[in-house]
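One letter stands for each residue in the lines below.
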Amino acid sequence: MPSISPGQTSSHACVQFLNSVLSRPNALPYEEEVKWSIRQHLVNVIQHFPGLQARTAGFTHNDGRQANLLQADGTIPMYYQDVKYNIPVTIWLTEPYPRKPPLVYVSPTRDMIIKPRHRLVDASGMVSVPYLQQWVFPRSNLVELVQNLSLHFGHDPPLYSRPSTPVPSPQQQQQQQQLQQQTQPQQQPQQSFHGMNPIYSSNSPPPTSAAPIPYPPPYYQQQQQQQQPSTRTEDPASVFKRNAVNTLVARVQQDVVSLRSSFEVEMDELFSVQASLNKRAEQLGKHLQELQHEKEGLEQQLQLLLTNTDVLETWLQSNDGPNASGDMNIDEAFEPCDVLSRQMLEASAEDLAIEDVLYSLDKAVQEGVITAEVYLRHVRMLARDQFFYRATSAKVRTAQMQAQVAGMAARAAPPPYVSS
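A brief report on the enclosed structure follows. (Residues numbered from 1 in each chain as written. Predicted model: local features only at pLDDT ≥ 70, side-chain atom pairs only at ≥ 80, totals over all residues. Heavy atoms only, no water.)

**Overview of the side chain of threonine 94**
Okay, so step 1: On the secondary structure map, threonine 94 appears in the loop between strand S3 (83-93) and strand S4 (103-106).
Okay, so step 2: Here threonine 94 is in contact with Tyr30, Leu69, Pro101 and Leu103, once residues within four sequence places are set aside. (Helix = DSSP H or I, 4+ residues; strand = E, 2+ residues; numbered from the N terminus. Contact = heavy atoms within 4.5 Å.)

**Looking at the layout of surface pockets**
The method is simple in principle: a probe with the dimensions of a water molecule rolls over the atoms, and the space it marks as empty is what remains.
Okay, so step 1: Computed from the structure, the second largest pocket encloses a volume of approximately 1,100 Å³.
Okay, so step 2: What lines the second largest pocket is a set of 25 residues, and nearest its centre among them are Tyr79, Ser150, Leu151, Asn246 and Ala250.
Okay, so step 3: Breaking the lining of the second largest pocket down by element, the ones donating at least two residues are strand S2 (66-80), helix H4 (142-155) and helix H7 (236-319).
Okay, so step 4: Per-element accounting of the lining of the second largest pocket gives the leading share, ten residues, to H7.
Okay, so step 5: Both domains that furnish three or more residues to the lining of the second largest pocket are identified here as domain 1 (6-160) and domain 2 (240-313). (1 Å grid on protein atoms, 1.4 Å probe; cavity = no way out; pocket = protein on both sides within 12 Å on 5 of 7 lines; lining within 4 Å. Points joined across faces, edges and corners; volume = space filled by probe spheres on them. Domains from an automatic or database assignment.)

**What to know about the sheet that holds strand S1 (residues 52-60)**
Okay, so step 1: Pairing is antiparallel across the open sheet formed by four strands, whose spatial order is S1-S2-S3-S4. The outermost strands of the open sheet, each flanked by one partner alone, are S1 and S4. Looking at each pair of strands side by side, their axes are set apart by 35° on average, direction ignored.
Okay, so step 2: One ladder, built from nine bridges, connects S1 with S2; its direction is antiparallel. Looking at the pairing, glycine 58 lines up with asparagine 68 of S2.
Okay, so step 3: Against the sheet, helix H2 (residues 35-48) contacts S1, S2 and S3, and its axis sits at roughly 130° relative to S1.
Okay, so step 4: Seen against the sheet, H4 touches S1, S2, S3 and S4 and runs at an angle of roughly 45° to S2. (Pairing = 2+ DSSP bridges. Axes fitted to C-alpha atoms, helices over the stretch in contact; angles between N-to-C directions.)

**Observations regarding the packing of aromatic side chains**
Okay, so step 1: Applying the stated criterion across every chain yields a total of five aromatic pairs.
Okay, so step 2: Ring centres of tyrosine 131 and tryptophan 135 lie 6.0 Å apart, and the angle between their planes is 90°; this geometry places the pair in the edge-to-face category.
Okay, so step 3: We classify tyrosine 131 as buried; its relative accessible area is 14%.
Okay, so step 4: Seen in terms of ring centroids, phenylalanine 388 and tyrosine 389 are 5.6 Å apart; in terms of plane orientation they differ by 65°. Their pairing is edge-to-face. (Phe/Tyr/Trp six-rings, centres within 6.5 Å; stacked < 30°, edge-to-face > 60°. Buried < 20%, exposed > 50% of the residue type's maximum accessible area, 1.4 Å probe, protein only.)

Remember, this is a structural readout, not a statement about activity or role.
What follows is the structure, given as structure tokens:
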């Protein structure tokens, strides 16, 4: 049965934790379009550096604002004089991340102190390395940042171990007293020196420039170092080979990280292109459906026009062809369907005829054919008759509308019940 390494377990837990906190709306002050990039950055850095853990905590800005932010908290490795040390750090992902660089702090424990006047770490523990100053999204990421921090800290460790005074045993105290009594007449008392470097004892003069001593390794590493002889010589060929291998591995890791970053950028671009294409496909589908409906409506209208055209052509063939009678009465071309229609047709015809007569009278009086008195007398008579015909047309139109409404109601009513 395959086993799961601790690194895979922590990475899986990190993925579950990030999916939980980033999926909750308004839980964290990050933009929605960059939450996937933030998740990938944290997952990648924890996979490469299992000493870090992703968590959320409250952060207070310099202006007093408080926010609940993501952080990568834990230790990062550092190699100083071919010995591995773990430096405690806290990487805060601020609101504009990843478009802006994170804030990195060295978090010394109670048995550590920050090196004074360190060129990359101030007294508060805030780290300022060139990689943060040259941060460019999406090329920059947390994995390369931690590798850069490890490299800089290896050249100039930011932490010291606090100086501690060991408590001598009773036998050692008696031996020291006897040694002091024997050497007291020949030597003058010397001043003790307690510096930041614990390797210098009280009997040795302080050095002009003390080399920084980083945080000591864990207890089991100290026991192994105590068991090894204090003076040892290594083969220069093996040292050169080890350094060459370490350099090659570091370069390969950097190449892999850069390739992975470029692939992630390409994936983000492809995802955005895919989203835009899906949106355009939906719009094209809607437009195609609308055009299909419009086509169906136009086909129905075309069919109706063709039917009406056939009806008109049939009527023309029967009434205007060689078989049509030449003495056709124009008044019989249209026949009303009922009494109201006939009355409406007669009233409209009389109204239009009077309108034509009035127009002719206007032309006659303008040309001087008739006098004004004759014109006014005829206009008065014709206007009275025209008013009568127009009133008749209005009454007939009202009666037709009422009859039409009654007919529609009768058609909508259910048939009467017939008993057997």
